[in-house]
Amino acid sequence: MHSPVPVDRALRTQETEVIDLRRRLAKVHRILTAGGIWPLTKGHASARIPGTDRVLILGHIHSQGRSLIDTDVDDIVTVDIEGKWLEGRIEPVDERFLHLEIMKARPDVTSIVHAHSTYATAFGIAGVNILPVGNRGGIFAPQVPILDFDRQIDTPERGRMARDAIGDGCALVLKNHGTVACGDSIENACITAFALEETAQLHWIAAQLGPVQKISSGEVRSVLTGARKEEFFSHVWGHYSRMDPWDRSSSNGSS
Ligand SMILES: [Zn+2]
């Protein structure tokens, strides 16, 4: 006769955590699409499962002709840190090595967004580094590096090139291709992707008017540390979160 299997609370907690991560990651895909960071809805985001060598990442739904505006939890799959597909209904995106090689080298990075946003990508095409300008640019000091390689980052070797290029920064431009934004949470990586595009746009507009001046090093230091850093991210998440077309709260108060 079998006695009931005792519930492994730790396992259950992790399962709940993974469900929550999937939900948040799918949401970020919808937000980045709605916010115009993913022209033609091409791009992907990832999140490390805490305490493991497993990573959640988008399945290759682009090949099905679907829009990322409809990304759901079923579209997120699990890979190990070497890129092996562990679970999920769709094969993971080929460019997963871009995410994984950076995460391997950077314990502080738990989430990455890869995008092809127009202004930031244009800087890579022109070979001009995006500078920390405006009040959202401080996190990109001293400048956003450019990887001088214009093909897809779809092998571990290419992933290591991106890892070396980004160093300890939070963003990278891939020449003639797109961008990479890192964060210590899914939401912060999403906000960084938006901040990168906004900074690139501001830099470009300023360059039409005169010499581009970076923000002061004192301002950079305060943005990168303590309460200002927290403010940089958490104070704007409510704004981006409401871009999610599935966010029912966005219609609250309308009737
Ligand atoms: Zn790409």
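These lines cover the structure that appears in this document, whether it is placed above or below.

### Brief notes about the coordination of the zinc ion
Only E95 (OE), H114 (NE2), H116 (NE2) and H177 (NE2) from the protein coordinate the zinc ion, and they sit 2.1 to 2.5 Å from it. One can describe the donor arrangement at the zinc ion as irregular, given that its 4 donor atoms subtend angles of 85 to 149° at the metal. Counting along the primary sequence, the residues that act as donors to the zinc ion give the motif E-x18-H-x1-H-x60-H. Separated by 63 residues along the polypeptide, H114 in strand β5 (residues 111–115) and H177 in the loop between β7 (171–174) and β8 (178–183) bring together distant segments of the chain.

### What to know about the packing of helix α2 (residues 96–105) against helix α4 (residues 156–166)
Where α2 contacts α4, the axes come no closer than 8 Å and their chain directions differ by 55°. Taken together, the axes of α2 and α4 lie oblique to each other. For the element pair α2 and α4, the recorded crossing hand is right-handed. Here α2 contributes F97, L98, E101, I102 and A105 to the contact with α4, which in turn contributes P156, G159, R160, A162, R163 and I166. Class assignment for the residues of the contact of α2 with α4 results in 7 nonpolar, 1 polar and 3 charged.

### Examining the environment of V18
Among the structural elements, V18 can be located in helix α1 (residues 9–34). Taking C-alpha positions, V18 is 20 Å from S241, a pair spaced 223 residues apart along the chain. V18 has contacts with I49 and L56, leaving out every residue within four places of it along the chain.

### Examining the packing of α1 against helix α7 (residues 226–241)
The N-to-C vectors of α1 and α7 enclose an angle of 75°; their axes lie 10 Å apart at closest approach. When the interaxial angle is binned, α1 and α7 end up roughly perpendicular. Counting all contacts with α1, which are made through K27, V28 and I31, the residues of α7 involved are W237, Y240 and S241. Here the contact of α1 with α7 is built from residues that sort into 4 nonpolar, 1 polar and 1 charged.

### Remarks on unusual backbone geometry
Negative phi characterises most residues that are not glycine, and trans characterises most peptide bonds. The omega torsion across A141 and P142 is 0°, close enough to zero to call that bond cis. Within the element layout of this structure, P142 appears in the loop between α3 (118–126) and β6 (146–147). Unlike most non-glycine residues, N176 shows phi in positive territory, near 55°. Mapping N176 onto the fold places it in the loop between β7 and β8. With a relative accessible area of 43%, N176 lands in the partly exposed category.

### Focus on the layout of surface pockets
Regions of empty space are outlined by a rolling probe, equal in size to a water molecule, passed over the atoms. What the largest pocket holds in volume is close to 440 Å³. What lines the largest pocket is a set of 23 residues, among which R106, I139, D168, G169 and C170 lie closest to the centre. Taken together, the residues of the lining of the largest pocket break down into 13 nonpolar, 5 polar and 5 charged. If you add up the space inside the second largest pocket, you get close to 190 Å³. Surrounding the second largest pocket, K42, G43, H44, H60, H62, V93, D94, E95, H116, Q152 and H177 form its lining. Here the lining of the second largest pocket is built from residues that sort into 1 nonpolar, 7 polar and 3 charged.

The rules we used
- Residues numbered from 1 in each chain as written.
- Predicted model: local features only at pLDDT ≥ 70, side-chain atom pairs only at ≥ 80, totals over all residues.
- Heavy atoms only, no water.
- Donors = N, O, S within 2.8 Å, 3.2 Å for Na, K, Ca; no water.
- Tetrahedral: all angles 85-135°; square planar, octahedral: opposite > 155°, others 65-115°.
- Helix = DSSP H or I, 4+ residues; strand = E, 2+ residues; numbered from the N terminus.
- Axes fitted to C-alpha atoms, helices over the stretch in contact; angles between N-to-C directions.
- Parallel < 35°, antiparallel > 145°, perpendicular 65-115°, else oblique.
- Left-handed = near helix turned anticlockwise from the far one by under 90°.
- Contact = heavy atoms within 4.5 Å.
- Nonpolar A, V, L, I, M, F, W, Y, C, P; charged D, E, K, R; others polar.
- Buried < 20%, exposed > 50% of the residue type's maximum accessible area, 1.4 Å probe, protein only.
- 1 Å grid on protein atoms, 1.4 Å probe; cavity = no way out; pocket = protein on both sides within 12 Å on 5 of 7 lines; lining within 4 Å.
- Points joined across faces, edges and corners; volume = space filled by probe spheres on them.

What is shown is where atoms sit, not what they do.
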